[in-house]
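# Structure assessment
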Amino acid sequence: MDWCRYRFRSRWTLPAAPAAVYPVLERIEDYPRWWPQVREVRLADERTGTVRVRSLLPYDLVFTAHEVRRDPVTGVLQIAMTGDLEGWARWTLTADGPGTLARYDQEVEVTKVLLRRLAVPGRPLFRANHALMMRAGRRGLGARLRAV
């Protein structure tokens, strides 16, 4: 097992139709407004930006996000990630009654030296840290959608 590789999957039930959720998710530069752990997004161009995230544990992860797929018809947004995280992340939106089921999939390898050194003893904490970040993101996005 490679202790520095992670696979995450989250499912969020959201109070708006996919056509309302998709435009919010595709504007990564606005994530810090509704997702507290996304501390900063600096766009380089229309398809690339640098993202800094920090959850409960005292470390930042900085990575470049490059758009790989943007398909509003199928509800898919996917990025490639390089930097402290190497891999990819993808949103897939589907209708769920009057709302949306947003599925978030991520496969990454941690490249940040400190986190690699702490890979074995820290893995449960890193996974819990990610879960807390995702829970806060779901709440923030839900509140943003209700406010619009």
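These figures come from a predicted structure and were not determined experimentally.

### Topic: the side chain of Asp30
- Checked against the element boundaries, Asp30 lands in the loop between α1 (18-26) and α2 (31-34).
- The class for Asp30 is buried, based on a relative accessible area of 8%.
- Here Arg27 takes part through its side chain, which lies 2.8 Å from a polar atom of the side chain of Asp30.

### A word on the sheet that holds strand β6 (residues 85-96)
- If you walk across this open sheet you meet the 7 strands as β1-β7-β6-β5-β4-β3-β2, and the pairing is antiparallel. With partners counted over all chains shown, the strands left at the sheet margins are β1 (5-14) and β2 (38-43), one partner each. Across this sheet, the average inter-strand angle for adjacent strands is 20 degrees, counted without regard to direction.
- Where strand β3 (residues 48-53) lies against strand β4 (residues 61-71), 6 bridges are found, and the strand directions are antiparallel. Directly across from Thr50, in β4, lies its bridge partner Thr64.

### Some remarks on α1
- Those residues of α1 that fall on the buried side of the exposure criterion are Val21, Tyr22, Val24 and Leu25. For α1, the buried positions fall inside an angular range of 170 degrees around the axis, keeping them on one side.

### Looking at the pattern of salt bridges
- All chains considered together, the criterion is met by 18 salt bridges.
- Across the pair Arg27 and Glu29 runs a salt bridge, and its minimum N-O distance is 3.1 Å.
- A relative accessible area of 40% places Arg27 in the partly exposed class.
- With a shortest N-O distance of 3.1 Å, Arg52 and Asp60 are connected by a salt bridge.
- One salt-bridge network, in which partners are shared between bridges, spans Glu40, Arg42, Arg52, Arg54 and Asp60.

### Examining a nonpolar patch on the surface
- A surface patch of nonpolar side chains, about 340 Å² in accessible area, is lined by Met1, Trp3 and Val120.
- Looking at the element boundaries, Trp3 is found in the segment before β1.

### Re the pairing of strand β5 (residues 76-83)
- Examined bridge by bridge, β4 and β5 share 8 bridges and lie antiparallel to one another. Bridging across to β5, Ala65 finds its partner in Met81.
- In textbook terms, the turn of a hairpin is the stretch between consecutive antiparallel strands, and for β4 and β5 this stretch comprises 4 residues, one of which, Gly75, has a positive phi near 75 degrees.
- In the sheet, β5 pairs with β6 via 6 bridges, with the strands oriented antiparallel. Paired with Ile79 across the bridge in β6 is Ala89.

### Quick notes on the pairing of β6
- Hairpin remark: β5 followed by β6, antiparallel, with 1 residue in the connecting loop.
- Sheet analysis places β6 next to strand β7 (residues 99-110), joined by 12 bridges and oriented antiparallel. Looking across to β7, one finds that Glu86 is bridged to Glu109.
- Where β6 hands over to β7, the hairpin turn is made up of 2 residues, of which Gly97 adopts a positive phi near 65 degrees.

### Looking at helix α4 (residues 119-147)
- Counted at 1.5 Å a residue, the expected span for α4 with its 29 residues is 42 Å, and the 40 Å between its end C-alpha atoms agrees.
- Leu125 marks the point of greatest bend in α4, at about 30 degrees.

### Focus: the nonpolar core
- Trp12, Leu25, Trp35, Val38, Trp91 and Leu141 are the most contacted members of the largest nonpolar core, which totals 37 residues.
- The element best represented in this core is α4, accounting for 5 residues.
- Beyond its immediate chain neighbours, meaning those up to four positions away, Leu25 contacts Tyr31, Trp34, Leu77, Trp91, Leu93 and Leu141.

Rules behind the numbers
Residues numbered from 1 in each chain as written. Predicted model: local features only at pLDDT ≥ 70, side-chain atom pairs only at ≥ 80, totals over all residues. Heavy atoms only, no water. Helix = DSSP H or I, 4+ residues; strand = E, 2+ residues; numbered from the N terminus. Buried < 20%, exposed > 50% of the residue type's maximum accessible area, 1.4 Å probe, protein only. Polar contact = N/O pair within 3.5 Å; in protein donor to acceptor, adjacent residues only side chain to side chain. Pairing = 2+ DSSP bridges. Axes fitted to C-alpha atoms, helices over the stretch in contact; angles between N-to-C directions. Arc of directions from axis to C-beta. Salt bridge = Lys/Arg side-chain N within 4 Å of Asp/Glu carboxyl O. Patch = residues over 30% accessible without salt bridge, like charges linked within 9 Å, V, L, I, M, F, W, Y side chains within 5 Å. Areas by Shrake-Rupley, 256 points an atom, 1.4 Å probe, with all protein chains shown as cover. Expected span 1.5 Å × (residues − 1). Bend = angle between axes of the 7 residues up to and from the residue. Core = buried A, V, L, I, M, F, W, Y, C linked by side-chain atoms within 4.5 Å. Contact = heavy atoms within 4.5 Å.

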